[in-house]
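Reading the structure
The residues making up each chain are set out below.
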Amino acid sequence: MKLEKLLEVLKEVITSLLTTTKCFLREYTIGNQKNNKIYKADIIDILKAILTSVIVVFLIAYLFYENIKAVVFLIPVGIFLYKKKINSAIESKKNQLKIQFKDAMTAVSFSLNVGYSMENSFKEAIQELRTLYGDNSMIVKEFNIIVNRVNRNEKLEDTLIDFARRSGIEDILYFAEVFCYAKVSGGDMISIIKNTVRTISEKIDTENEIQIVISSKKMEQKIMSIVPFGIITYLKLTSSDFICNLYGNMLGITVMSICLFMYFVSVLLANKIVDIKV
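It is worth spelling out the packing of aromatic side chains at this point. We describe a pair of aromatic rings using the distance from one ring centre to the other and the angle between the two ring planes. What the rule picks out here adds up to 7 aromatic pairs. Plain terms: the ring middles of Phe 64 and Phe 229 are 6.0 Å apart, the flat faces sit at 75° to each other, and that makes the pair edge-to-face. Note that Phe 64 is positioned in helix H2 (residues 43–65) and Phe 229 in helix H9 (residues 189–238), a separation of 165 residues in sequence. Comparing Phe 64 with Phe 229, the two get one shared label, buried. An angle of 65° between the planes, with centres 5.6 Å apart, marks the rings of Phe 101 and Phe 175 as edge-to-face. Of this pair, Phe 101 sits in helix H4 (residues 75–114) while Phe 175 sits in helix H8 (residues 170–185), placing them 74 residues apart in sequence. Residue Phe 175 is classed as buried on the basis of its relative accessible area, which comes to 2%. We note Lys 236 situated over the ring of Tyr 62; from NZ or CZ to the ring centre the distance is 4.8 Å.

Turning our eyes to something else, we now look at the packing of H4 against helix H5 (residues 118–133). Orientation of H4 relative to H5, taken along the N-to-C sense of each, is 130°, at an axis distance of 8 Å. As far as their axial angle goes, H5 and H4 are oblique. The element H4 and its partner H5 pack so that their crossing is right-handed. Of the residues in H5, those touching H4 at Ile 99, Gln 100, Asp 103, Ala 104, Met 105, Ala 107, Val 108, Ser 111 and Leu 112 are Met 118, Ser 121, Phe 122, Glu 124, Ala 125, Glu 128, Leu 129, Leu 132 and Tyr 133. Class assignment for the residues of the contact of H4 with H5 results in 12 nonpolar, 3 polar and 3 charged.

Within the fold, Asp 171 resides in helix H8. Of the residues examined, Asp 171 reaches a relative accessible area of 11% and is grouped as buried. Setting aside residues no more than four positions away along its own chain, Asp 171 makes contact with Lys 98, Thr 199, Ile 200 and Lys 203.

Quick look at a nonpolar patch on the surface now. Together, Met 219, Ile 223, Met 224, Val 227 and Ile 231 line one region of the surface with nonpolar side chains, adding up to about 460 Å² of accessible area. Along the chain, Met 219 falls in helix H9. A residue is classified by how much of its surface remains accessible, and Met 219, at 48% relative accessible area, is partly exposed.

Before going further, it helps to examine the confidence of the model for the chain. On average, residues of the chain score 81 in pLDDT, and 85% of them are at 70 or above. Taking the mean pLDDT of every element in the chain, the minimum, 48, falls on helix H1 (residues 2–34) and the maximum, 92, on helix H6 (residues 138–151). Counting interchain partners and residues more than four positions distant, the pLDDT-below-50 stretch residues 22–36 has 17 contacts.

One finds Met 105, Val 108, Met 118, Phe 122, Ile 139 and Phe 143 to be the most contacted residues of the largest nonpolar core, which totals 37 residues. Residue assignment for this core shows that the elements contributing at least two residues are H4, H5, H6, helix H7 (156–167), H8 and H9. In contact with Phe 122, not counting residues within four places along its chain, are Met 105, Val 108, Phe 143, Val 147, Leu 156 and Leu 160. Counting 28 residues, the second largest nonpolar core, distinct from the first, contains Ile 46, Ile 232, Ile 243 and Tyr 247.

Topologically, Ser 266 is positioned in helix H11 (residues 250–274). You can call Ser 266 partly exposed: its relative accessible area is 39%. Along the sequence, Ser 266 and Ser 225 sit 41 residues apart, while their C-alpha atoms lie 8.7 Å from each other.

Below, the discussion takes up unusual backbone geometry. Within the chain, Glu 66 stands out as a residue other than glycine whose phi angle is a positive 50°. Take Glu 66: it is sitting in the loop between H2 and helix H3 (70–73).

Thresholds, definitions, all that
Residues numbered from 1 in each chain as written. Predicted model: local features only at pLDDT ≥ 70, side-chain atom pairs only at ≥ 80, totals over all residues. Heavy atoms only, no water. Phe/Tyr/Trp six-rings, centres within 6.5 Å; stacked < 30°, edge-to-face > 60°. Helix = DSSP H or I, 4+ residues; strand = E, 2+ residues; numbered from the N terminus. Buried < 20%, exposed > 50% of the residue type's maximum accessible area, 1.4 Å probe, protein only. Lys NZ or Arg CZ within 6 Å of the ring centre and 35° of its normal. Axes fitted to C-alpha atoms, helices over the stretch in contact; angles between N-to-C directions. Parallel < 35°, antiparallel > 145°, perpendicular 65-115°, else oblique. Left-handed = near helix turned anticlockwise from the far one by under 90°. Contact = heavy atoms within 4.5 Å. Nonpolar A, V, L, I, M, F, W, Y, C, P; charged D, E, K, R; others polar. Patch = residues over 30% accessible without salt bridge, like charges linked within 9 Å, V, L, I, M, F, W, Y side chains within 5 Å. Areas by Shrake-Rupley, 256 points an atom, 1.4 Å probe, with all protein chains shown as cover. Salt bridge = Lys/Arg side-chain N within 4 Å of Asp/Glu carboxyl O. pLDDT = per-residue confidence, 0-100. Core = buried A, V, L, I, M, F, W, Y, C linked by side-chain atoms within 4.5 Å.

Structure below.
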């Protein structure tokens, strides 16, 4: 009988895990179909997001409800965590592209000073960017697209506007708009590029200073986020009789659900507080 019961529990766990994974993958597919921007989560980011979400969902089901069947009702929580991890990975790529674009503009400015035309300066900048970031970096891929489109007789300013819009980075969009206006009116391109590099550098430095100041608070927030799980685990291991009445009955489920809801709200508020944008 014990073996049959164990097999039944394992069957429920596997079924719940497959259902949860299918939901995650469906959400990812739909999100990618709607997203035409530069940033896409790679397979490593997807696997990390799925693994983290599944572990958290099963942990909540065990600690808060002591019933593996609760995983089915916690699937929305898993999807939310999955999306949050993917968005975090994409935001990291966005910050990387901002830094890469600053270095790219420095390379373009150097080529202009040497005497290359604006179009050829972008082409020459690719060689330095390959040395800095490699062929598979976002900025090298995007600059290759720009150069290829220019070679097909498209206007450089049009390709930059398209790149800026897809990047979703305010500084790149501002540069592209000023560049487009200056290209038509005959402005000082070297000065425009230098101002762009300086503006992005100052913004990055400010963001880094803010992150240094609040890094300890972020660590405290992460620790406080896992404290409730630690408390419940401690009570289950050392004083199971103290909390046993919270499991297996409607009143206990209601109390635990309210506590879980309050926990999620507090975590969201804490994340909002430490998420400072420049």
